[in-house]
Amino acid sequence: MTINEVTVMVCDDSMFARKKLTNYILSLGVKACYEAEDGEKAVDNYKEYKPNIVFMDIVMPKKTGIDAVKEIIGFDPDAKIVMASSVGTQNHLKDAINAGAFEFLQKPISNEQVQKLIETVAEGE
Amino acid sequence: MFAQFFGSYLLNEGIVTAPQLAKALEDKKNTKTRLGVLAINAGYMTAGQVEFIHQVQSTVDKRIGDIAVEMGFITSEQVDELLSKQPQDYLILGQTLVNNNVLTNAQFEKALNDYKSFNALSESDMSGDKTDKLEKIIADFYKINGHEDAGEYVTYLTLLFKNLIRFVGDDFTPMTASIIDGANYENMVRQKVNSETVDSCTAVCCDTDVYIKFAERFSEEKLDTADDFVNATVGEFLNLHNGLFIVNQSNEFGKEMTLEPQEFVYSTEVKYDKAAVDVPVAYSFGTVHFILSNV
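Since this is a predicted model, take the numbers as computed values, not measurements.

## Description of the overall build of chain B
Phase 1 of the analysis: Helix and strand counts for chain B come out as twelve helices and eight strands.
Phase 2 of the analysis: Seen through its C-alpha atoms, chain B measures out along the principal axes to roughly 65 × 40 × 30 Å.
Phase 3 of the analysis: A buried classification covers 54% of the 295 residues belonging to chain B.
Phase 4 of the analysis: Put simply, chain B shows about 13500 Å² of open surface, and 49% of that area lies on carbon and sulfur atoms.
Phase 5 of the analysis: In chain B, 24 side chains carry a positive charge and 44 a negative one; their mean positions are 5 Å apart.

Printed below as a string of structure tokens:
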């Protein structure tokens, strides 16, 4: 799959964090970048759009990012989810990996890390 | 980060006025440190020798360093050493105050030596980013030694100042903190930080014009009204800083903490049951208050 066929979803309760990450991802020329502002919306959007890669915050209202990952993985065990959070404590890292996330990015997130992950997923599909 | 606390010292001692300091913080990004200030800081030359050389230089077409070496005040090796090092930010601030005619070389020399002896710092202590020395300055500055949570407060504030420099800008002066039992600001973003033993509340507060400017700096975008995007931006700064704090606590001390989603409060009195600390930080665009309290 080439990068312009990739679909992405960004889940973060901060409009600022979503906009910053989404703008960068769109600048890479991906096919689509969906957004979700809480864990519940993230699960709903995943089921609807089945994005190739998801960037997921942890601390969010309604449903945490960790719970959202569990539900998404329950629905699609092959989902590619990257935690993108300010709280990379050891417990959160463990919880995220156990829930099924395949990578953890500590905020502030560098554009290079995001680009690399999207390219890796594109190559694997 | 020593520049900010050196600036605060100069202000508190009445050596500079707030407008002079604010202007110097603004101007310092265009300042290049000169040999005189570097030599005074290193203890290689006195302010009197520097003044003398400047007078000589106005009559001959020679570089300051060459004159100083010819006069026998300093060796050429010392000149090379001073000029090869990356100047520290507090020296750039000092040089700016000298350039702006706020301080003479002699006043700068005295203030710098007094500051170093006041904080028991050597020149090598102040070069680089020595966290233990910064923590000591911060603990002394805020007089939080002896408090039961002193260690955590100091770590939290040291990281806060580093993050302010990293994400918002270094043109600020830390102001004296106060103990409060309530707060009422035009804008407050707060976030709870929970650990096994204690729940704390952190907050960023300021007037609306300062709030917008703070968001502009952090987002690197032009913003003009305090809308949801501005709230989200200031909220994300607090979340990012608190996140880095709890990650450090987890990695260094094995302490596990969690964060709650941020809350926004506008022009409403917030009461604190337990004593809270209000830490004002004076930026060139206005004062931002950081509040820490146990819940």
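## A short note on the environment of Ser85 of chain A
Residue and element names in this part refer to chain A.
Phase 1 of the analysis: Mapped onto the fold, Ser85 is located in strand S4 (residues 81–85).
Phase 2 of the analysis: For the pair Ser85 and Val121, spaced 36 residues apart in sequence, the C-alpha separation works out to 20 Å.
Phase 3 of the analysis: At 2.9 Å, the side chain of Ser85 forms a polar contact with the backbone nitrogen of Val87.

## As for the packing of aromatic side chains
All names here are of chain B.
Phase 1 of the analysis: Evaluation of the coordinates by the stated rule reveals 17 aromatic pairs over all chains.
Phase 2 of the analysis: The interplanar angle of 70° and the centroid separation of 6.3 Å between the aromatic rings of Phe52 and Phe73 together place this pair among those described as edge-to-face. Within this pair, whereas Phe52 is found in helix H4 (residues 47–57), its partner Phe73 is found in the loop between helix H5 (64–70) and helix H6 (76–84), the two being separated by 21 residues in sequence.
Phase 3 of the analysis: A relative accessible area of 39% places Phe52 in the partly exposed class.

## Quick notes on the interface of chain B and chain A
Phase 1 of the analysis: Contacts between chain B and chain A engage 25 residues on the former and 19 residues on the latter.
Phase 2 of the analysis: When the two sides are added together, the surface that chain B and chain A hide from each other amounts to roughly 1800 Å², 64% of it contributed by carbon and sulfur.
Phase 3 of the analysis: Sorting the residues of chain B by area buried against chain A places Phe229, Glu236 and Glu256 of chain B first, and these three jointly supply 27% of that buried surface.
Phase 4 of the analysis: The interface formed by chain B and chain A contains two salt bridges.
Phase 5 of the analysis: Here Glu221 of chain B makes a salt bridge to Lys19 of chain A, at a shortest N to O gap of 3.0 Å.
Phase 6 of the analysis: At the level of elements, helix H10 (150–167), helix H11 (208–219), helix H12 (228–253) and strand S5 (257–259) of chain B are the ones that each hand at least two residues to the side of chain B that touches chain A.
Phase 7 of the analysis: Looking at which element gives the most residues to the side of chain B that touches chain A, the answer is H12 of chain B, with 13 residues.
Phase 8 of the analysis: By residue class, the composition of the side of chain B that touches chain A is eleven nonpolar, eight polar and six charged.

## Overview of helix H1 (residues 2–12) of chain B
All names here are of chain B.
Phase 1 of the analysis: Across the eleven residues that make up H1, a large majority, ten, are buried.
Phase 2 of the analysis: Elements in contact with the buried residues of H1: helix H2 (18–27), helix H7 (89–99), helix H8 (105–118), helix H9 (131–141), H10 and strand S1 (172–174).
Phase 3 of the analysis: Phi for Gly14, located one or two positions after H1, is positive at around 75°.

## A closer look at the domain arrangement of chain B
Residues and elements named next belong to chain B.
Phase 1 of the analysis: In terms of domains, chain B is made up of domain 1 (2–118) and domain 2 (170–294).
Phase 2 of the analysis: Once you take the C-alpha centre of each, domain 1 and domain 2 turn out to be 35 Å apart.
Phase 3 of the analysis: Contacts between the two partners involve ten residues from domain 1 and, on the opposite side, eight residues from domain 2.
Phase 4 of the analysis: At the boundary of domain 1 with domain 2, total buried surface from both sides reaches about 730 Å², with 57% on carbon and sulfur atoms.
Phase 5 of the analysis: For the interface between domain 1 and domain 2, the tally reads one salt bridge.
Phase 6 of the analysis: The partner of Asp170 in a salt bridge is Lys28, with the nearest N and O atoms 2.8 Å apart.

## Points about the nonpolar core
Phase 1 of the analysis: One finds Met56 of chain A together with Phe161, Leu164 and Phe290 of chain B to be the most contacted residues of the largest nonpolar core, which totals 111 residues.
Phase 2 of the analysis: In terms of residue count, H12 of chain B provides more of this core than any other element does, ten residues in total.
Phase 3 of the analysis: Inspection of this core shows a minimum of three residues originating in each of domain 1 (2–118) and domain 2 (170–294) of chain B.
Phase 4 of the analysis: Dropping the residues within four chain positions of it, Met56 of chain A is found in contact with Cys11, Ala42, Gly65, Ala68, Val69, Ile72, Ile81, Val82, Met83 and Ala84 of chain A.
Phase 5 of the analysis: With 19 residues, the next largest nonpolar core counts Val30, Ile53, Phe55 and Val82 of chain A among its residues.

## Some points on the packing of helix H1 (residues 15–27) of chain A against helix H5 (residues 111–124) of chain A
Residues and elements named next belong to chain A.
Phase 1 of the analysis: Contact geometry of H1 with H5 gives a least axis separation of 11 Å together with a crossing angle of 55°. When the axes of H1 and H5 are compared, the pair comes out oblique. Here H1 and H5 pass one another in a crossing that is right-handed. Where H1 approaches H5, its residues Leu21, Tyr24 and Ile25 are matched on the opposing element by Asn111, Val114, Gln115 and Ile118.
Phase 2 of the analysis: Considered class by class, the residues forming the contact of H1 with H5 number five nonpolar, two polar and no charged.

Analysis parameters
Residues numbered from 1 in each chain as written. Chains lettered and ligands numbered in written order. Predicted model: local features only at pLDDT ≥ 70, side-chain atom pairs only at ≥ 80, totals over all residues. Heavy atoms only, no water. Helix = DSSP H or I, 4+ residues; strand = E, 2+ residues; numbered from the N terminus. Buried < 20%, exposed > 50% of the residue type's maximum accessible area, 1.4 Å probe, protein only. Areas by Shrake-Rupley, 256 points an atom, 1.4 Å probe, with all protein chains shown as cover. Lys, Arg positive; Asp, Glu negative; His and termini not counted. Charge placed at Lys NZ, Arg CZ, Asp CG, Glu CD. Polar contact = N/O pair within 3.5 Å; in protein donor to acceptor, adjacent residues only side chain to side chain. Phe/Tyr/Trp six-rings, centres within 6.5 Å; stacked < 30°, edge-to-face > 60°. Contact = heavy atoms within 4.5 Å. Buried area = accessible area lost by both parts, 1.4 Å probe. Salt bridge = Lys/Arg side-chain N within 4 Å of Asp/Glu carboxyl O. Nonpolar A, V, L, I, M, F, W, Y, C, P; charged D, E, K, R; others polar. Domains from an automatic or database assignment. Core = buried A, V, L, I, M, F, W, Y, C linked by side-chain atoms within 4.5 Å. Axes fitted to C-alpha atoms, helices over the stretch in contact; angles between N-to-C directions. Parallel < 35°, antiparallel > 145°, perpendicular 65-115°, else oblique. Left-handed = near helix turned anticlockwise from the far one by under 90°.

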